[in-house]
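Listed below are the residues making up each chain.
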Amino acid sequence: MDGHDSPPTPKGSLRKFLEQLSGAGKAIGVLTSGGDAQGMNAAVRAVVRMGIYVGAKVYFIYEGYQGMVDGGSNIVEADWESVSSILQVGGTIIGSARCQDFRSREGRLKAACNLVQLGITSLCVIGGDGSLTGAHIFRTEWSGLLEELARDGKISTEQVQKHGHLNVVGMVGSIDNDFCGTDMTIGTDSALHRIIEVVDAIMTTAQSHQRTFVLEVMGRHCGYLALVSALACGADWVFLPESPPEEGWQENMCVKLSENRARKKRLNIIIVAEGAIDTQNKPITSEQIKELVVTQLGYDTRVTILGHVQRGGTPSAFDRILASRMGVEAVVALLEATPETPACVVSLSGNQAVRLPLMECVQMTQEVQKAMDERRFKDAVQLRGRSFENNLNTYKRLAIKLPDSEIPNSNCNVGVVNVGAPAAGMNAAVRAAVRVGISEGHRMFAVYDGFEGFAKGQIKEIGWGDVGGWTGQGGSILGTKRTLPGKYLEDIAAQMRTHSINALLIIGGFEAYLGLLELLAAREKHEEFCVPMVMVPATVSNNVPGSDFSIGADTALNTITDTCDRIKQSASGTKRRVFIIETMGGFCGYLANMGGLAAGADAAYIFEEPFDIRDLQSNVEHLTEKMKTSIQRGLVLRNENCSENYTTDFIYQLYSEEGKGVFDCRKNVLGHMQQGGAPSPFDRNFGTKISARAMQWISSKLRESAGKGKKFLSDDSVCVLGISKRKLLFQPVAELKKETDFEHRIPKEQWWLKLRPLMKILAKYKVSFEVSDASQLESVQPRGPEEPAAI
């Protein structure tokens, strides 16, 4: 973390950027409106702090639009400390209300009058499509409203001239993820956490009694939560508003449930979105489904309606980081806005922050509803976007096994192996691979205990039912080892011959990547390795070249964030304490950096950004200053390998000595708890989708060579499948070599480093900040043929 300025970024530093776009003299109003969502507070915090950072005034508008209409004590200037300790709080501290008054012109007149009196001409609105539409109407009417107020003598003519334009930036806070144009809305990931916690708990009791559970989740018009939770827990059946079941579904569902019971499955889970309908637009209720199962099958069936549990609880790490990024981006967008700029929403595409025209997004969102009303369900699914469609198709493939007579036999055997340290989500990936493989007509072989087990012949054929219930299991059921294949090449080749394995799927971390390179190099000697091989990145460290994310990192990040929350809370009694927390990650600072962003740390020491004693000194001074305010505790994260000599103990002792009389210190090494635990919804879903995609790649490679007996010799038959910016990409390992720092086991370029300044700004450091990649508006949707990386 910098005391002295980091070098200016290529696109010009925030300094230069601020000279053109200082916030001085600007007043920004921030409000949350509509249904609340976890992570709204993180967004409010980011808007307030970034606003103050650039020299603007920021005002809280309490109780949404209602507060804007009522004015008075509902509009209050915020300072740096007013958003302290809210990052980990669900809901919204500035309150939200559904407001009738604002729908009338009189209401909007009052609101405009209240804003003008305080000079607020920039609005940051966090809410759903209704709230954002309201903001758009307000913006288009603004100058007319001011003229009317001036005529009635409520404001002066110079106020009209000075505040003649209103700029609006929206962020979508909605647990339903029902907004077109953005991959994830703030609150969706946290709502999935609540649903999955409940499903995991229900599964144990359902197993004990052989019960069927019908779970109703939120989503009046959007089935996203139902669909993704069904995908993440391997539910037997799911009901969505966008994709109603075909005629005669009652029969089909009962057959499916009884087949599953016959396969020794002791429980059934059916997930229903509250807005579920049939093809005639008649509602399908959870009670109806229960009646059906009880009368047709006689199963002991229970209904659980999750209701407002889904809106509650603490925001997940993903939502905190998402909301913090969006909040900062929103302030930058407001600073750059001119009177001509249309209202925009800040949104996420892949892992890029983008800006989209607000009304285009709203219109598309309304198109979906229209398509559903007119029973054009295919269109509705397509309008939801490619990621929704992919989720639906993946769910169908993994949930419903076709009868063997309908599956074409490929005569191919595919091996699946886990390599490296365990990562949460590996099992979900294995399950998806096995089921997609079987549905494509291959025989699937599980290799136990990594390359070592491979050499010893610990290989068994694995069937559809064998991987049931795997998505929610942490660790690696197949077992995993860090051993590289180099010293076992003869034996592994022999095993591949014995089991005639025609393709290999490797799920693992940096060892898997190195192993893949060794197998590629051994092709000249052993023709057995001339088969398609693909690696799916799975490691808590997130250090695999060729992918921005790996399976398991999100779960580890949530563990770190939860622990930091608890540790911060433990200090609420003792005043003035600083905690130093060591995270895993090898030489890769991803966990320390993102954990710092999600937990609201004051500093995060990482290997990728070298630091010296002056930086440590300036951090201590920074914390000393901070202790003079009302925020009397500090949090410092340190990656385990960030420096050979500045160890966790050294930093702890330095802080203790330098902080004497001002603050005391505690240290904490998180260790292996970061590798354990049940996988987060993100990791289950990501593991499932990326692994299913890898199997489809293997199938298409095998189909190309079917019957030709051709060997695979080219480099592009050995790939890493990863997410890069906005796309899912297969990259040959041979080409990734030049992008890898082998000594430190990290990629040479890492996307998340550009989020470093974000954490520092939110912790009140002066730094340079690169403006987002897309400071111009993009238009919504026309997606090319490449695959979107939405998760």
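Note: the structure precedes this text.
Residues numbered from 1 in each chain as written. Predicted model: local features only at pLDDT ≥ 70, side-chain atom pairs only at ≥ 80, totals over all residues. Heavy atoms only, no water.

Structural notes on the pattern of salt bridges
This structure, assessed with the given rule, holds 33 salt bridges. In this structure, Arg-745 and Glu-511 form a salt bridge, with 3.0 Å as the shortest nitrogen-oxygen distance. Of this pair, Arg-745 sits in the loop between β23 (740–741) and β24 (746–747) while Glu-511 is found in helix α18 (residues 510–521), placing the two residues 234 residues apart along the sequence. For Arg-745, a relative accessible area of 29% puts it in the partly exposed group. The shortest N-O distance in the salt bridge between Lys-628 and Glu-625 comes to 3.0 Å. According to the relative accessible area criterion, Lys-628 is exposed, its value standing at 62%. Judged by relative accessible area, which is 47%, Glu-625 ranks as partly exposed. Here the salt bridges do not stand alone but share partners, grouping Arg-105, Arg-108, Glu-141 and Glu-148 into one network. (Salt bridge = Lys/Arg side-chain N within 4 Å of Asp/Glu carboxyl O. Helix = DSSP H or I, 4+ residues; strand = E, 2+ residues; numbered from the N terminus. Buried < 20%, exposed > 50% of the residue type's maximum accessible area, 1.4 Å probe, protein only.)

Some details on the nonpolar core
Core analysis: the largest hydrophobic core is formed by 152 residues, its most contacted members being Ile-271, Leu-505 and Tyr-590. Per element, the largest residue contribution to this core is 13 residues, and it comes from helix α11 (residues 317–336). Aside from chain neighbours lying at most four places away, what touches Ile-271 is Leu-215, Val-217, Ala-226, Ser-229, Ala-230, Cys-233, Ala-235, Trp-237, Val-238 and Phe-239. Grouped together as the second largest cluster of nonpolar side chains are 40 residues, Ile-75, Ile-120, Val-172 and Leu-356 included. (Core = buried A, V, L, I, M, F, W, Y, C linked by side-chain atoms within 4.5 Å. Contact = heavy atoms within 4.5 Å.)

Let's talk about the sheet that holds strand β8 (residues 268–273)
A sheet is described by the order of its strands in space; here four strands give the open sequence β7-β8-β6-β9, paired in parallel fashion. Two strands bound the open sheet, and with one partner strand each, they are β7 (237–239) and β9 (301–305). The average angle at which neighbouring strand axes cross in this sheet is 15°, direction not considered. As paired strands, β7 and β8 are joined by three bridges and run parallel to one another. Of the residues in β8, the one forming a bridge with Val-238 is Ile-271. (Pairing = 2+ DSSP bridges. Axes fitted to C-alpha atoms, helices over the stretch in contact; angles between N-to-C directions.)

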